[in-house]
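# Geometric and topological summary
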Amino acid sequence: MNHWLETSKRNLVPLSQAESFTEALTEWSFTGLVLDYEDDEIECELCEHPDLSHHFEIRNTQNDNRLLVGSSCILKFSEINIRDTQGRDITDSEERKIYLEDALQKKLIETMLEPLRKLWLKDKERRDEIALKAKHLKSGSGISPQELLFLFQRMDALQIQYTPSRYKVSLRSYQEQGELSLMSKAHLRKIKPALSISQLKNHARLFEEI
Ligand SMILES: [Zn+2]
């Protein structure tokens, strides 16, 4: 038996009713809860694989025990149940993968929107501006560098915690690229975590020494 399988067995069986590993796995279901750790690296409580940035919660339906695991473990151990919102079992491996990816995407959007809701409540005079930008971000399209800087600065000013890397910058248009090239080093530094690897690569010159 390989190390990964052995570790998973050692962690799961004592928390389950059944004594055989395969049978024990069938007692577990994904709860829908996803935890986002940003840049911290955490471990899968099932196989003990390190370097995860997200946890997916699974629950034993017999005794309510819970484990925080990586999505790859849920996908590798297909006996772990995934049920859709109607309670239907998702058994197709591709569908299972998509379902977990969707759950993660929803969580990431939530991580991004939650601070903006707080900002909207506090920053009464700028509500329209904030709501419009939040709407763009929620739809998956990024906002311009200046727009993002505005949100970050308002959240800083009102001491609202947020995770910069969860926001998306759009650099498709000339105007957006122009905004970026006119930014001061301090402002570039502020929005840098929101840029993707390819955006940073395309604008590497601006980010030298930042
Ligand atoms: Zn794992």
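Everything quoted here is computed from the prediction, not taken from an experiment.

## Details of the nonpolar core
Counting residues in hydrophobic clusters, the biggest one holds 20 residues, and the most contacted among them are Phe 56, Ile 58, Val 69, Cys 73, Ile 74 and Ile 80. Those elements that place two or more of their residues in this core are helix H2 (21–25), strand S1 (28–36), strand S2 (54–60), helix H3 (71–76) and helix H4 (93–122). The biggest single contributor to this core is S1, with 3 residues. Residues Leu 119, Leu 137, Leu 148 and Leu 151 belong to the second largest nonpolar core, which totals 16 residues.

## Focus on the environment of Leu 35
Its place among the elements puts Leu 35 in strand S1. If we ignore the near neighbours within four places in the chain, the residues touching Leu 35 are His 54, His 55 and Leu 68.

## Examining the domain arrangement of the protein
As far as domains go, the protein holds domain 1 (3–91) and domain 2 (109–202). Here domain 1 and domain 2 have C-alpha centroids that lie 34 Å from each other.

## Things to note about the environment of Ile 210
Within the element layout of this structure, Ile 210 appears in the segment after helix H9 (197–202). The sequence separation of Ile 210 and Lys 122 amounts to 88 residues, and the corresponding C-alpha distance is 31 Å. Contact partners of Ile 210, with chain neighbours within four places excluded, come to Lys 185, Leu 188, Arg 189 and Lys 192.

## As for the sheet that holds S1
The strand order across the open sheet built from 3 strands is S1-S2-S3, with neighbouring strands paired in antiparallel fashion. Both outer strands of the open sheet, S1 and strand S3 (66–69), are each paired with one neighbouring strand and no more. On average, each strand axis in the sheet is inclined to that of its neighbour by 25°, with strand direction left out of account. Of the pairings in the sheet, the one linking S1 to S2 comprises 6 bridges and is antiparallel in character. The residue of S2 that forms the bridge with Ser 29 is Arg 59. Packed onto the sheet, H4 meets S1 and S2 and runs at close to 30° relative to S1.

## Section: helix H6 (residues 145–157)
Under the 1.5 Å per step criterion, the end-to-end length of H6 is 18 Å for 13 residues, consistent within 8% with the ideal 18 Å. Residues of H6 that are buried: Pro 145, Glu 147, Leu 148, Leu 149, Leu 151, Phe 152 and Met 155. Taken from the residues just after H6, Gln 159 is the one with a positive phi, measuring 55°.

## Description of unusual backbone geometry
Here the phi dihedral of Asp 64 falls at roughly 65°; this positive angle occurs in a residue that is not glycine. Along the chain, Asp 64 falls in the loop between S2 and S3. Positive phi is not limited to glycine here, since Gln 159 has a value of about 55°. Tracing the backbone shows Gln 159 in the loop between H6 and helix H7 (174–181).

About the cut-offs
- Residues numbered from 1 in each chain as written.
- Predicted model: local features only at pLDDT ≥ 70, side-chain atom pairs only at ≥ 80, totals over all residues.
- Core = buried A, V, L, I, M, F, W, Y, C linked by C-beta atoms within 7 Å.
- Buried ≥ 20, exposed ≤ 12 C-beta atoms within 10 Å, placed from the backbone.
- Helix = DSSP H or I, 4+ residues; strand = E, 2+ residues; numbered from the N terminus.
- Contact = placed C-beta atoms within 7 Å.
- Domains from an automatic or database assignment.
- Pairing = 2+ DSSP bridges.
- Axes fitted to C-alpha atoms, helices over the stretch in contact; angles between N-to-C directions.
- Expected span 1.5 Å × (residues − 1).

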